[in-house]
Every structure is written in structure tokens, then in C-alpha cells.
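Take a look at the letters that make up each chain.
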Amino acid sequence: MLHLLPSQHHPAPFIVALVLAVAALAVPVATAKDAHPHLEAKGVFEEVLQDLKDAIVNRGYVVDFVGHVDTMLDRTSGASKSVTETGSRSPFLNAKYVQFCSAKLTHEAVSANPYNVVICPHVFFAFEDKAKPGRIVVGYRRPEPGPSKRSRKAFAKVDDLMMAIIKEATGK
């Protein structure tokens, strides 16, 4: 039987429980809002998507890839037996992701910690919901930095860059 109160004979279980409780409180929990910053624009999806790509290129970066989430969902919904509440194959009229990588910021991040390689590619998303045509959501995936101050500083620079890009793309 495990006793969590200290005793003169077995203080270890209490100490272990206390350390685990303190450690659990110290771990940050990312919320969906924190993990996926986004802004909205009104307009035509393809125009907003082009504005997003232009905002990347205007800073001297190269768009590495554009993924077509909308067509993938339509293509695979039958096999996965996935439909929305309205019976549609996808909730999206349009949904894409756009990726690029800043060599300078990635070098800075991985020099702080090799595991920071997760920062590249930088991934944006843009979608237009069938329920709200003309409202385009543009955002990005925010990776969690490592525990070091240098890692947090490098990731903050990427976060600032990505926020500036979605602000430009949405006209905010």
C-alpha cells in the first residue's frame, strides 16, 4: 500500500508525490488559441491566399510548398467515412497551407538547441468555411520552443515574423 504522508520509516513516497505535483504545475499548457494565432479577412479566397504568398516573397523568402487540404479531404472522406454534421465531405470551401523557412532564423534556433529543427518549415494556413463564405481565416502553426532562453528568443523572432506576414496578408 502506498502512503503519501511522510513517516519516519518511508518518506520517499511523499517526496516523490510532492515533486511530481510541483512538476505538473510548472509545465505550460498551450491552448488552441496560443498554438494557432490567426486573423480574418473578407474577400475572395484565392486573392487572400496570393496576398499571403506575396507577404512571404516580399520579405525575400521562397514559398516552398502549398498544400491542398480541401482537395485531400474531399478525396479521402469516403475512405475515412468522414463527413461534417451537414453531410458534406469537408467543412471548407477552400483550405490550403503554405510553407517556407527562414534560413537565418532557423540557424539561430538550431544553434541554441538541435531539437529546434522543428521550427522549419514555418507553416501558414488559410481557409474559407462553407458556413461563412467570404470570411478567410489566415494563421500559422506556432511550435513550442525549447526550455533555454536562447531557444525562446529565436522562436519569438519567428513568431514576430509570422504574425507580421499574416497581418500583411489580411490587411490588418
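Residues numbered from 1 in each chain as written. Predicted model: local features only at pLDDT ≥ 70, side-chain atom pairs only at ≥ 80, totals over all residues. Heavy atoms only, no water.

K.L.:
Where do I start with unusual backbone geometry in this structure?
P.N.:
Glycine aside, residues mostly have negative phi angles, and peptide bonds mostly take the trans form. Following C120, the chain continues into P121 via a peptide bond in cis, with omega recorded as 10 degrees. Among the structural elements, P121 can be located in the loop between α5 (103-112) and β4 (122-129). (Helix = DSSP H or I, 4+ residues; strand = E, 2+ residues; numbered from the N terminus.)

K.L.:
Would you mind showing me how to read the nonpolar core here?
P.N.:
In a soluble, globular protein the nonpolar side chains are often hidden away together inside. Counting residues in each nonpolar core, the largest one holds 25 residues, and the members touching the most others are L52, F124, V138 and I165. Elements that contribute at least two residues to this core include exactly α3 (45-57), β3 (92-100), α5, β4, β5 (135-140) and α6 (149-170). Here this core takes eight residues from α6, the largest share from any one element. Once residues lying within four places of it in the same chain are set aside, the contact partners of F124 are L52, I56, K96, Y97, V98, F100, G139, Y140, M162, I165 and I166. (Core = buried A, V, L, I, M, F, W, Y, C linked by side-chain atoms within 4.5 Å. Buried < 20%, exposed > 50% of the residue type's maximum accessible area, 1.4 Å probe, protein only. Contact = heavy atoms within 4.5 Å.)

K.L.:
I keep staring at the sheet that holds β5 and nothing clicks. Help me out?
P.N.:
Reading across from one edge, β1-β5-β4-β3-β2 is the order of the five strands in this open sheet, with antiparallel pairing throughout. A strand with exactly one partner marks an edge of an open sheet, and here the two such strands are β1 (38-42) and β2 (65-68). Each neighbouring strand pair of the sheet contributes to a mean axis angle of 20 degrees, computed without reference to strand direction. Helix α4 (residues 69-80) rests against β2 and β3 of the sheet, and its axis sits at about 125 degrees to β3. (Pairing = 2+ DSSP bridges. Axes fitted to C-alpha atoms, helices over the stretch in contact; angles between N-to-C directions.)

K.L.:
Can you walk me through the packing of aromatic side chains in this structure?
P.N.:
Centre-to-centre distance and the angle between the planes together describe a pair of aromatic rings. Inspection of every chain in the model, using the stated rule, returns six aromatic pairs. Taken together, a centroid distance of 6.2 Å and an interplanar angle of 70 degrees make the contact between F124 and Y140 edge-to-face. Here Y140 lies in strand β5 and F124 lies in strand β4, a separation of 16 residues in the sequence. No difference in accessibility class separates F124 from Y140, as the two residues are buried. (Phe/Tyr/Trp six-rings, centres within 6.5 Å; stacked < 30°, edge-to-face > 60°.)

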